Amino acid sequence: LLLGESSKAVEAFAETSLESFGVTNLAALQATGVFANLGKAMKLSEADSASMATTLTGLAGDLSSLHDVDVETALTALRAGLIGEAEPLRKFGIFLDAATLKTKALQMGLIKNTKEALTPGIKSQAAYAFILQESTAAMGDFTRTADSATNATKTLAGEWEQLQVKIGTAILPFYTAMINHLVDVILPAVNEFWDDPTWTRGAKTASEAAQ
C-alpha cells in the first residue's frame, strides 16, 4: 500500500480483521488497497485514506454478517457506492440518489447550495458519509453474533484459508528449488540419455537379436 506511515495501521487492521469482522487477512489487504486508492482519487490525505479503507472493509464484514451475504458482495456494493453506482447498495437498505448526495454534500459544507454541481470527489465524500450514516445498525454485527453458526463457520473457513496461505508460503522456496532442479538437471540428463547415439544403437541391436 502506498500510504506511507499509514500503511502500518492498515496492516495491523488486517491482522485482526478475521476475528473482528470475518474478513480474512488477504481479503482485507486487497480491499483496503482498493479503498485507499479511491481515497487518493478523492484527494484525501494518506491517513484519511487509510481510515476510510479500514472502516469500509470492516463495515463490509458487518454488512455481510447482518444480511447473510458473502463479504465480497458487500465489498463490491460499497465500492460501487463510492463511485456513484447506487443499485448494489439497495440490498443493504442504503438508498443513494443524486438528491441525497447533494443534500449530504451541503450538510458537510462541500458545496454552497444545491444548484452547485458535484465533482466526482465531492460525490464520493458525500457517498462515504451517507453510507456510514445509514449503516449504524450493521456496525459491530459480526462481533455481536460471532457465536452464531454462520459466523462461526465463516471464521473457521477463514482460518483454514489463512493457514493454506501460510503453508503455501512456507513450502514455496522448496517447491521452486525442486522445479528448478528438474528443469536444470533432471530433464537435460534425460534428454542427453535418449539422444546418445551409442545407447540408441545398442538398444536397436538388442531388439534385433531378440527377434
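Definitions and cut-offs
- Residues numbered from 1 in each chain as written.
- Predicted model: local features only at pLDDT ≥ 70, side-chain atom pairs only at ≥ 80, totals over all residues.
- Heavy atoms only, no water.
- Helix = DSSP H or I, 4+ residues; strand = E, 2+ residues; numbered from the N terminus.
- Contact = heavy atoms within 4.5 Å.
- Areas by Shrake-Rupley, 256 points an atom, 1.4 Å probe, with all protein chains shown as cover.
- Buried < 20%, exposed > 50% of the residue type's maximum accessible area, 1.4 Å probe, protein only.
- Arc of directions from axis to C-beta.
- Polar contact = N/O pair within 3.5 Å; in protein donor to acceptor, adjacent residues only side chain to side chain.
- Salt bridge = Lys/Arg side-chain N within 4 Å of Asp/Glu carboxyl O.
- Core = buried A, V, L, I, M, F, W, Y, C linked by side-chain atoms within 4.5 Å.
- Axes fitted to C-alpha atoms, helices over the stretch in contact; angles between N-to-C directions.
- Parallel < 35°, antiparallel > 145°, perpendicular 65-115°, else oblique.
- Phe/Tyr/Trp six-rings, centres within 6.5 Å; stacked < 30°, edge-to-face > 60°.

Colleague: Any chance you could break down the overall build of the chain for me, citing the residues and the numbers?
Modeller: For the chain, the count of helices and strands is nine helices and zero strands. Tracing the chain from N to C terminus, the helices and strands come up as α-α-α-α-α-α-α-α-α. The long-range share in the chain, meaning contacts at least 24 apart out of those at least 6 apart in sequence, stands at 53%. Summing over all exposed atoms, the chain offers an accessible surface of approximately 12400 Å²; the carbon and sulfur share of this is 61%.

Colleague: Now, about helix α5 (residues 98-107): what can you tell me, with residues and values included?
Modeller: Within α5, burial applies to L101, K104 and A105. The buried side chains of α5 occupy one side of the element, clustering within an arc of 100° when seen end-on. Across from the buried face of α5, at angles greater than 90 degrees, the exposed residues are A99 and Q107. In this structure, the buried residues of α5 make contact with α6 (120-134). Among the residues of α5, the N-terminal cap falls to D97, whose side-chain oxygen and the backbone nitrogen of A99 are separated by 3.3 Å. A positive phi of about 75° marks G109, the residue just after α5.

Colleague: Can you lay out the side chain of S135 for me, pointing to particular residues and giving the numbers?
Modeller: Relative to the helices and strands, S135 resides in the loop between α6 and α7 (141-144). If near-sequence neighbours (up to four positions away) are discounted, S135 is found in contact with L59 and I94.

Colleague: Go over the pattern of salt bridges with me, naming the residues and quoting the values.
Modeller: A complete count under the given rule lists four salt bridges for this structure. The closest approach of N and O atoms between E5 and K8, which form a salt bridge, is 3.2 Å. Assessed through its relative accessible area of 60%, E5 is described here as exposed. Residue class for K8 comes out exposed when judged on its relative accessible area of 55%. Linking R90 and E87 is a salt bridge whose minimum nitrogen-to-oxygen distance equals 3.2 Å. On the basis of relative accessible area, R90 is assigned to the partly exposed category, the value being 37%.

Colleague: Lay out the environment of A117 in plain terms, naming residues and giving numbers.
Modeller: Here A117 shows up in the loop between α5 and α6. It is 8.5 Å that separates the C-alpha atoms of A117 and K102, two residues lying 15 residues apart in sequence.

Colleague: Would you mind going over the nonpolar core in detail, with residue names and values included?
Modeller: Of all hydrophobic cores here, the largest spans 39 residues; its most connected members are F35, L56, L63, L78, L89 and L96. Elements supplying a minimum of two residues to this core: α1 (6-21), α2 (25-41), α3 (46-67), α4 (71-82), α5 and α6. In terms of residues, this core owes the most to one element, α3, which gives seven residues. Those residues in contact with F35 that sit more than four places away from it in its chain are M52, A53, L56, T57, L75, L78, R79 and L82.

Colleague: Any chance you could break down the packing of α1 against α3 for me, citing the residues and the numbers?
Modeller: A pair of packed helices is characterised by two quantities: the angle between their axes and the separation of those axes. The contact between α1 and α3 brings their axes to 10 Å, and the two run at 10°. Compared by their axis directions, α1 and α3 come out roughly parallel. Across the interface between the two elements, S6, V10, F13 and F21 of α1 pack against E46, A47, A50, T54, T57, G58, G61 and D62 of α3.

Colleague: Give a detailed account of the packing of aromatic side chains, specifying residues and quantitative values.
Modeller: Taken as a whole, this structure holds one aromatic pair when the rule is applied. Both rings, one in F13 and one in F21, keep their centres 5.7 Å apart while their planes meet at 40°; by these two values the pair is tilted. A relative accessible area of 21% means that F21 is categorised as partly exposed.

Colleague: Could you give an account of unusual backbone geometry, with specific residues and numbers?
Modeller: The phi angle at K43 is positive, at roughly 70°, despite the residue not being glycine. Structurally, K43 can be placed in the loop between α2 and α3. Of note, the phi angle at D68 is positive, near 55°, even though the residue is not glycine. Mapped onto the fold, D68 is located in the loop between α3 and α4. Residue classification places D68 among the exposed residues on the basis of a relative accessible area of 57%.

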